[in-house]
Amino acid sequence: MKPAIQFNSVNYSIDGHPILRNISGAFYDGEITTLVGPSGAGKTTLLKLCNGLLSPKDGDITIGNLNINDYDPVELRRTVGMALQSAPMIDGSVHKNLALPLELQGKRLPDIQARDLLNDVGLSEDFLQRTSKELSGGQRQKVSIARTLVNRPQILLLDEITSSLDQVSQKEIEELIVKINRKYGVTIVWITHNLKQALNVGAYTWVMMAGEIVETGESELLESPSNERVRQFVKGELGWGSLH
Amino acid sequence: MGIIALIFSLIFVLIPIVLSKTLNLGLEKDTMIAVIRSIIQLFIVGYILKFVFDAESIIYIFLMVAVMIIAATLNARKKGAAIKGITWKIAVTLIFIEVLTQSILLGFNITPHTAQYIIPISGMMVGNGMVLAILFLNRFIAETEAHQDKAELILSLGGTPKQAVHIQLMTSIKASMIPTIESQKTIGLVQLPGMMSGQIIAGASPVQAVQFQLLVLFLLLTTASITSVMLGFLSYPTLFNKRMQLARSK
């Protein structure tokens, strides 16, 4: 399988405190990979390394055939889109938020494209003129995902986008992500706290703990982990997450 | 005003001390320190100015202005400790303001080329620049911390550092300039400006005092805008590294 992002002995630390240790592996092209693990495992840091919001202290990250440090940061972030956990919105309408990625390039977002984007994420065009403050948590996340898609990224990083949503909204977002993956063939890396979601949606899963990859493989690994710590984790014995 | 009159004026110091004591405000010591420092500092400045005015040497004028800029820079930099290289950024801003305003004033013969005019006007410009710098830095640091998620959003969508802090930068520049503009709207109606009052008390014609005060007000507008804008555009790049990442992002 072709890797979309390849990690080779990547380390990251802050003020000498290690956050990620010796990360090696690949997120496969066109597939959905989920990242699971307790808080503080380094999952968000790993995503930020992928779209250049952070840089590794040592080790290599390769996207396509190019080392991540050889990319122009702006080009990299357009190629590797990221939807943030808090789905921050700029003041103004949904249309203004959707237009933001193009506005940053000095371009305008045609109305028809804005309507298509909303349609892609299951929102009607009535939302275009609503202000971001009028949106529910789920709607906000959908707008955030649609906004990230404006740059037509080859890779989409999702940072706990359903963590504060109710079950109905979570299910809607799951279906939406699968639809986007199929429609655009975009590689998706999704941090989730919901192990059932990881199992249902992700083809592959990385389990991370304390800055390290503890186990990786097809998502079914969550049903019968080989690592003892992962086994405890999926049973909810580490005080966080449970598959059952 | 003679020494006896000055001694009587200490009644105005006794009033706040008595009030503080009566109401247990605990401000007696600070009030006393402020008064003693004011007396010592102003008398020292008075004698230095007398010496500089009498000497009529450009070197002394230069030294006086340099001391003002250094003192203002050292005071304002405390508020911008989070910004790398803030000391030289404030110093460059204040030097630029001083050079620009004095070049216009002296170049167009708006004010006489003497220490008596150059030093007080420089003091007002540099002092105002310092206050503006503190106001701007306070607001800018607060804005960037409060809206780090928005800056990160714009970077993650492929925006540049300037685009990432544009709103925070403009908000801070505007907020730091507003007090100067607002205070000028009511000037003369609510209070007479200190310098104008001083000139009138010293016997100058009120109309002449107004003309000079207007000049100072216009200069303060320039100082306010240049301090905020220049400091803002010098400061924001230091929030990012060469890879266009937030320098303090974790």
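Parameters and conventions
All chains use their own residue numbering, which begins from 1 and follows the written sequence. As they are written, the chains are lettered A onward and the ligands numbered 1 onward, keeping that order. Residues qualify for local features only when their pLDDT is at least 70, as the model is predicted, and side-chain atom pairs are given and counted only at 80 or more; totals for whole chains, interfaces and linings, by contrast, use all residues. Heavy atoms from the whole structure form the basis of all side-chain values; hydrogens and water molecules are not counted. Counting from the N terminus, the helices are the DSSP runs of H or I reaching at least four residues and the strands are the DSSP runs of E reaching at least two. To get the radius of gyration, use the C-alpha atoms; to get the globule rule, take the number of residues to the power 0.38 and multiply by 2.2 Å. Only protein chains enter the accessibility calculation, which uses a 1.4 Å probe. A residue is then buried if its area is under 20% of the maximum for its type, exposed if over 50%, and partly exposed in between. By the convention used here, residues are in contact when the closest approach between their heavy atoms is within 4.5 Å. Per-residue and other accessible areas were derived by the Shrake-Rupley procedure at a 1.4 Å probe size, with only the shown protein chains allowed to occlude residues. Put simply, two rings from Phe, Tyr or Trp (the six-membered ring, in Trp's case) pair if the centres are within 6.5 Å, and we call them stacked under 30 degrees between planes, edge-to-face over 60, tilted for the rest. We call a charge positioned over a ring when the NZ of a Lys or the CZ of an Arg lies within 6 Å of the ring centre and within 35 degrees of the ring normal. Should DSSP find at least two bridges between two strands, the strands are regarded as paired. All axes here are fitted lines through C-alpha atoms, helices being fitted over the stretch that makes contact, and every angle between N-to-C directions spans 0 to 180 degrees. Accessible-area loss on putting two parts together, using a 1.4 Å probe and summing over both, is the definition of buried area adopted here. By definition, a salt bridge exists where a carboxyl oxygen of Asp or Glu is found within 4 Å of a side-chain nitrogen of Lys or Arg. Here a polar contact is recorded for every N or O atom pair within 3.5 Å, except that within protein the pair must consist of a potential hydrogen donor and a potential acceptor, and residues adjacent in sequence are included only if both atoms are side-chain atoms. Any residue that is not Ala, Val, Leu, Ile, Met, Phe, Trp, Tyr, Cys, Pro, Asp, Glu, Lys or Arg is counted as polar, Gly included; the first ten are nonpolar and the last four charged. All domain edges in this entry derive from an automatic or database-based domain assignment. Whether a crossing is left-handed or right-handed is set by the direction in which the near helix is turned from the far one by less than a right angle, anticlockwise for left-handed and clockwise for right-handed. Think of a nonpolar core as a cluster: buried Ala, Val, Leu, Ile, Met, Phe, Trp, Tyr and Cys residues, connected wherever their side-chain atoms sit within 4.5 Å. Multiplying 1.5 Å by the residue count of a helix minus one yields the expected span of that helix.

Trainee: With reference to specific residues and values, describe the overall build of chain A.
Mentor: Along chain A, the regular secondary structure elements total 8 helices and 10 strands. Its C-alpha atoms give chain A a radius of gyration of 18 Å, near enough to 18 Å, the size a compact globule of 244 residues would have. The burial tally for chain A puts 55% of its 244 residues in the buried class. For chain A, the proportion of contacts with a sequence separation of at least 24, taken over those separated by at least 6, is 65%. Within the structure as shown, chain A displays about 10,400 Å² of accessible surface, and the carbon and sulfur contribution to it stands at 42%.

Trainee: Describe in detail the packing of aromatic side chains, supporting the description with residues and values.
Mentor: Residues and elements named next belong to chain A. If you walk through the whole model with that rule in mind, you get 8 aromatic pairs over all chains. An aromatic cluster is defined as three or more aromatic residues linked by ring pairs; in this entry it consists of Phe7, Phe27 and Trp206. It is Arg130 that lies over the ring of Phe127; its NZ or CZ is 4.1 Å from the centre.

Trainee: Any chance you could break down the sheet that holds strand 4 (residues 58-63) of chain A for me, citing the residues and the numbers?
Mentor: Residue and element names in this part refer to chain A. The strand order 2-1-4-5 describes an open sheet built from 4 strands, whose pairing is antiparallel. Either end of the sheet is taken by a strand with one partner, and the two such strands are strand 2 (17-28) and strand 5 (66-67). Inspection of the sheet shows strand 4 paired to strand 5 by 2 bridges, in the antiparallel sense. Opposite Thr62, over in strand 5, you have Asn67 as the bridge partner. Together, strand 1 (3-14), strand 2 and strand 4 form the strand contacts of helix 1 (residues 43-50), whose direction differs from that of strand 2 by roughly 60 degrees.

Trainee: Can you explain the interface of chain B and chain A? Please cite residues and give values.
Mentor: Counting residues at the interface gives 16 residues for chain B and 29 residues for chain A. Of the roughly 2,100 Å² buried at the junction of chain B and chain A (both faces included), carbon and sulfur atoms supply 57%. Where Glu152 of chain B meets Lys48 of chain A, a salt bridge forms, and the shortest distance between an N and an O atom there is 3.0 Å. The interface formed by chain B and chain A holds 12 residue pairs in polar contact (both at pLDDT 80 or more) in total. In terms of residues, the side of chain B that touches chain A owes the most to one element, helix 7 (residues 148-156) of chain B, which gives 7 residues. Residue classes in the side of chain B that touches chain A are distributed as 5 nonpolar, 6 polar and 5 charged.

Trainee: Describe the domain arrangement of chain B, with residues and values.
Mentor: Residue and element names in this part refer to chain B. Once the domains are mapped, chain B shows domain 1 (1-55) and domain 2 (57-239). Placing a centre on the C-alpha atoms of domain 1 and another on those of domain 2 gives a separation of 27 Å. Domain 1 puts 6 residues into the contact, and the matching count from domain 2 is 7 residues. When the two sides are added together, the surface that domain 1 and domain 2 hide from each other amounts to roughly 560 Å², 87% of it contributed by carbon and sulfur. Inspection of the region where domain 1 meets domain 2 yields 0 salt bridges. Inspection of the domain 1/domain 2 interface yields 1 residue pair in polar contact (both at pLDDT 80 or more). Grouping the amino acids of the side of domain 1 that touches domain 2 by side-chain chemistry returns 6 nonpolar, no polar and no charged.

Trainee: Any chance you could break down the packing of helix 5 (residues 86-107) of chain B against helix 11 (residues 206-235) of chain B for me, citing the residues and the numbers?
Mentor: When two helices pack together, their arrangement is captured by the angle between the axes and the distance separating the axes. All names here are of chain B. Orientation of helix 5 relative to helix 11, taken along the N-to-C sense of each, is 145 degrees, at an axis distance of 10 Å. When the axes of helix 5 and helix 11 are compared, the crossing they make is right-handed. Across from Ile86, Trp88, Lys89, Ile90, Val92, Thr93, Phe96, Ile97, Leu100, Thr101 and Leu105 in helix 5, the residues of helix 11 making contact are Leu215, Leu219, Thr222, Thr223, Ile226, Thr227, Met230, Leu231, Leu234 and Ser235. Of the residues in the contact of helix 5 with helix 11, the class split is 14 nonpolar, 6 polar and 1 charged.

Trainee: So what about unusual backbone geometry? Which residues, and what values?
Mentor: All names here are of chain A. At Ser9, a residue that is not glycine, the phi angle is positive and equals roughly 50 degrees. In this fold, Ser9 is placed in strand 1. In this structure Ser9 comes out as partly exposed when scored by relative accessible area, which is 31%. For Arg152, which is not glycine, the phi torsion reads 50 degrees and is therefore positive. For Arg152, the position within the fold is in the loop between helix 5 (137-149) and strand 7 (155-159).

Trainee: Help me get a handle on the nonpolar core, residues and values and all.
Mentor: Of all hydrophobic cores here, the largest spans 66 residues; its most connected members are Ile5, Phe7, Phe27, Leu35 and Leu46 of chain A. For this core, the element with the highest residue contribution is helix 6 (residues 115-146) of chain B, accounting for 8 residues. Once you skip the residues sitting within four places of it in the chain, Ile5 of chain A turns out to touch Gly25, Ala26, Phe27, Cys50, Ile61, Thr62, Ile63 and Ile155 of chain A. Ala83, Leu128, Ile161 and Val186 of chain A belong to the second largest nonpolar core, which has 34 residues in total.

Trainee: Lay out helix 3 (residues 28-55) of chain B with the relevant residues and their values.
Mentor: Residues and elements named next belong to chain B. With 28 residues, helix 3 ought to run about 40 Å at 1.5 Å a step, and its terminal C-alpha atoms sit 40 Å apart, in line with that. Among the residues of helix 3, Thr31, Val35 and Val52 are the ones counted as buried. Buried positions along helix 3 lie against helix 2 (11-22), helix 4 (58-76) and helix 6. Glu56, located one to two residues past helix 3, shows a positive phi value of around 50 degrees.

Trainee: Can you tell me about the sheet that holds strand 3 (residues 32-36) of chain A, naming the residues and giving the values?
Mentor: Residues and elements named next belong to chain A. Taken together, the 6 strands give an open sheet; going across it, the order is 6-7-8-3-9-10, and neighbouring strands pair in mixed fashion. Each edge of the open sheet is held by one strand with a lone partner, namely strand 6 (80-83) and strand 10 (212-218). Between one strand axis and the next, the sheet turns by 15 degrees as a mean value, whatever way the strands run. In this sheet, strand 9 (residues 204-209) lies alongside strand 3 in parallel orientation, the contact comprising 4 bridges. Opposite Thr33, over in strand 9, you have Tyr204 as the bridge partner. Its contacts with the sheet put helix 1 on strand 3, strand 6, strand 7, strand 8 (187-191) and strand 9, and the angle it makes with strand 7 is roughly 155 degrees.

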